[in-house]
Amino acid sequence: MSKKRSSAHLKAQKEGKIRDNYTCQICGSTKHTQGHHVFDVQFNGEADADNIVTLCDSCHKKVHRGILDLFIF
């Protein structure tokens, strides 16, 4: 069961997706995009758009499975 995100985190995910033009920042897809927390809430990840990267469903799953790594500069 997934943990429910606060309204601040949901707002940050939306702002990040708007900033990224609803485009996956790994593959460029615009289908089924989601906001991914770069630093997760459980590790004190901030509830702001600077901590969000937009990923498509496929890339998002690969990141969570450890198949893809995110390098943020």
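So, a few notes on the structure that sits alongside this text. (Residues numbered from 1 in each chain as written. Predicted model: local features only at pLDDT ≥ 70, side-chain atom pairs only at ≥ 80, totals over all residues. Heavy atoms only, no water.)

### Things to note about unusual backbone geometry
Where the residue is not glycine, phi is negative for most of them; where a peptide bond is considered, it is trans in most cases. The condition that has to hold: Elements are defined by DSSP. Helices are runs of H or I of four residues or more, strands are runs of E of two residues or more, and each kind is numbered from the N terminus. In this scheme, a residue with accessible area under 20% of its type's maximum is buried, one over 50% is exposed, and one in between is partly exposed, where area comes from a 1.4 Å probe on protein chains only.
Positioned with a positive phi, Asn21 is a non-glycine residue whose angle comes to about 60°. You can see Asn21 is positioned in the loop between helix 1 (7–19) and strand 1 (33–37). Phi is positive for His32, which is not a glycine, with a value near 55°. Among the structural elements, His32 can be located in the loop between helix 1 and strand 1. Under the relative-accessibility criterion, His32 is labelled exposed at 65%.

### Considerations on the pairing of strand 2 (residues 52–56)
Under the convention used in this document: Being paired, for any two strands, means DSSP has found at least two bridges between them.
In terms of burial, strand 2 is a largely internal element, 5 of the 5 residues being buried. Covered by surrounding structure in strand 2 are Ile52, Thr54 and Cys56 together with Val53 and Leu55, the residues of both alternating faces. Sheet topology places strand 1 next to strand 2; 5 bridges connect them, and they run antiparallel. In the strand pairing of strand 2, Gln34 is matched with Leu55.

### Quick word on the nonpolar core
We apply this condition: Note on terminology: a nonpolar core comprises buried Ala, Val, Leu, Ile, Met, Phe, Trp, Tyr and Cys residues joined through side-chain atoms within 4.5 Å. Residue contacts are counted whenever heavy atoms from the two residues lie within 4.5 Å of one another.
Core analysis: the largest hydrophobic core is formed by 6 residues, namely Cys24, Val53, Leu55, Cys56, Cys59 and Val63. Of all the secondary structure elements, the ones that give two or more residues to this core are strand 2 and helix 2 (57–65). Leaving out residues up to four positions away in the same chain, Cys59 has contacts with Cys24, Ile26, Cys27 and Leu68.

### Section: the pattern of salt bridges
Side chains bearing opposite charge may pair, as long as their charged atoms lie close to each other. Here is the rule: The salt bridge definition used is simple: a Lys or Arg side-chain nitrogen within 4 Å of an Asp or Glu carboxyl oxygen.
Summed over the entire model, instances satisfying the criterion amount to 3 salt bridges. Where Glu15 meets Lys11, a salt bridge forms, and the shortest distance between an N and an O atom there is 3.9 Å. One end of the pair is Glu15 and the other is Lys11, both in helix 1 and 4 residues apart, which spans about a single turn. Under the relative-accessibility criterion, Glu15 is labelled partly exposed at 36%.

### Section: the environment of Lys11
What makes Lys11 exposed here is its relative accessible area of 54%. The sequence separation of Lys11 and Asp48 amounts to 37 residues, and the corresponding C-alpha distance is 7.8 Å.

Remember that the coordinates give geometry; whether it matters functionally is a separate question.
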